[in-house]
Structures are given as structure tokens and as C-alpha cells.
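# Overview (structure and organization)
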Amino acid sequence: MFAKSIILSLLTVSVANAHFTLRYPEPFGKSAAKQDQGPCGGYTLDSNTPVTQFHVDGDAVAYASSHPEVKVLFRIIEGNSPDGPNSYKGFPIVEQYGSGDFCEPRVTAPKSLVGKQGIVQVVQNAVDGMLYACAYVRFVNGVNSNLPDTCKNGTGVDAGFAEDASLEAIFGSSTDTPSTSETTSAPTATNTPSSGSLKSFSMVGGVVGIAIALLGGL
Ligand SMILES: [Cu+2]
């Protein structure tokens, strides 16, 4: 019985620590250890923060998710502060299903930001609370026609538009109106198989399999 509870708590811990990893644009930092801390998952912008070009008419935001069901906000913030006064919805709120790689290749920003720096913030409303990651970007014209390799969807990963009051509330009651993007393209659901997610699936399968085997033997 003792061993059984240890195994169950180990499984719980591994899930709770995983959260998501922002892959593109290049994040402030890669650890998810403080991902429940807003606005940027425990990271702040400094002189070593990488800068990625971000195309205002459509660019990729890619992450790997350990959660099989989250709601996601892609928020565009003008300037160097994640608490800056001007922020915009880069895409309608999405509900992502299935764990693994996920990419939204048509996140947009207002054209007025071209030539300026800013922050792409990804906020997930997940089973273990609100999770945050940020990337520092320089806004450029046009659409990114050369999407990164990290922009892919894992096997079984799908998405649809969603509503989420907690994510909407991030915009607060400021006079700043989230941009009503005219984007009508649906979230990607190409389900291109990805070796990365297959690997993590089989890893999880292995852990669960071992746990089940051990439980069976108790
Ligand atoms: Cu999590």
C-alpha cells in the first residue's frame, strides 16, 4: 500500500511539473519550474534575452504541451514591459486537445507595431492553474513564409476556438481594446505526426505501464 501511494504521487508530480515549453518565438527562458508565475513564468527581460522577428500579418507561436486540454491566449504586448499599457489579442482564444507539439502559424499583431519591439505572451488556463511564457520580438512587415521546424502539431493534437473569462480578464478594464483581428482561419489541425511527441507519448506510456505493472503485483 505504501509503495502504491509513492507511485501515484510520483505520477502526479511529473505531470504537475511539466506544463508547457514555448518553442517559438524564442522564449525568455526554457524552464517551466515557475511557469505558474505571471506575467512571464518567473523570467524577466534582460540584455541576454533573445529577440525573434515577428511578422505582424501572421507568424508562428509554437509550444510543446504536457496537458491534454488547455485554453490558450496569444497576447501581443507593445514595448519592453509585459505590464505595458498596450496589448492585443494575437489570435482568438483556442482550446488545444491532446498533449504534444502545438503550433498556431497565423498569430497577428497590429501593423502599427512594425519596427517596434514587443513581447509575445502565451497564457494557458490549465488543469493546474494559469501558466505563462513570454518571448521578446521585433515586429516586421508581412507574413512569415518560412515557418520554423518547431511549428508542427503532434499526433492527436487538435484545437478549436474557445471562450475563457479568466484569459479575457488579463486584458483587465483598461481602455485598451484588444484588437478584433479579422483572422477567420481556423487553428491548425493538420495532425502531422511528429517524432517528438511520439517519443513523449511512449515515455508516458512506459511510466504508466510500469506503474500499472507494479500496482498489479502489490
Ligand atoms: Cu502543468
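Residues numbered from 1 in each chain as written. Predicted model: local features only at pLDDT ≥ 70, side-chain atom pairs only at ≥ 80, totals over all residues. Heavy atoms only, no water.

If you walk across this open sheet you meet the three strands as E1-E3-E7, and the pairing is antiparallel. The open sheet has two edge strands, strand E1 (20-24) and strand E7 (100-107), and neither has a second partner. Here the strands of the sheet are splayed against their neighbours by 20° on average, with no regard to which way each runs. Pairing of E1 with strand E3 (residues 59-65) involves four bridges; the strand directions are antiparallel. Paired with Phe20 across the two strands is Ser65, which belongs to E3. (Pairing = 2+ DSSP bridges. Helix = DSSP H or I, 4+ residues; strand = E, 2+ residues; numbered from the N terminus. Axes fitted to C-alpha atoms, helices over the stretch in contact; angles between N-to-C directions.)

Around the copper ion, the protein supplies His19 (ND1), His67 (NE2) and Asp128 (OD) as donor atoms, at distances of 2.0 to 2.1 Å. For His67, a relative accessible area of 2% translates into the label buried. (Donors = N, O, S within 2.8 Å, 3.2 Å for Na, K, Ca; no water. Buried < 20%, exposed > 50% of the residue type's maximum accessible area, 1.4 Å probe, protein only.)

With that settled, consider the confidence of the model for the protein chain. Close inspection of predicted coordinates is inappropriate for parts of the model with low pLDDT. When the pLDDT values of the protein chain are averaged, the result is 82; 71% of them are 70 or greater. Below a pLDDT of 50 lies the segment residues 174-186, which in the model reaches 22 contacts outside its immediate sequence neighbourhood of four places, other chains included. For residues 189-218, every residue scores under 50 in pLDDT, and the model assigns this stretch 32 contacts once sequence neighbours within four places are set aside. (pLDDT = per-residue confidence, 0-100. Contact = heavy atoms within 4.5 Å.)

With that settled, consider the packing of aromatic side chains. Scanning all chains against the criterion turns up five aromatic pairs. With 6.3 Å between their ring centres and 85° between their planes, Phe54 and Phe139 make a pair best called edge-to-face. You can see Phe54 sitting in strand E2 (residues 51-55) and its partner Phe139 sitting in strand E9 (residues 129-140), a full 85 residues away along the chain. Overall, the relative accessible area of 0% leaves Phe54 in the buried class. (Phe/Tyr/Trp six-rings, centres within 6.5 Å; stacked < 30°, edge-to-face > 60°.)

A cis geometry characterises the amide bond from Tyr24 onward to Pro25, with omega recorded as -5°. Here Pro25 lies in the loop between E1 and E2.

Moving on to the environment of Phe74. Tracing the backbone through its elements, the reader meets Phe74 in strand E4 (residues 69-78). Distance in space between the C-alpha atoms of Phe74 and Gln121 is 6.0 Å, their sequence separation being 47 residues. In contact with Phe74, not counting residues within four places along its chain, are Val61, Tyr63, Tyr88, Lys89, Gly90, Phe91, Phe102, Glu104, Val107, Gln121 and Val122.

As a further point, take the side chain of Thr52. Here Thr52 shows up in strand E2. Given the relative accessible area of 11%, Thr52 is considered buried. The contact partners of Thr52, leaving out residues within four places of it in the chain, are Tyr24, Pro25, Glu26, Tyr136, Val137 and Arg138.

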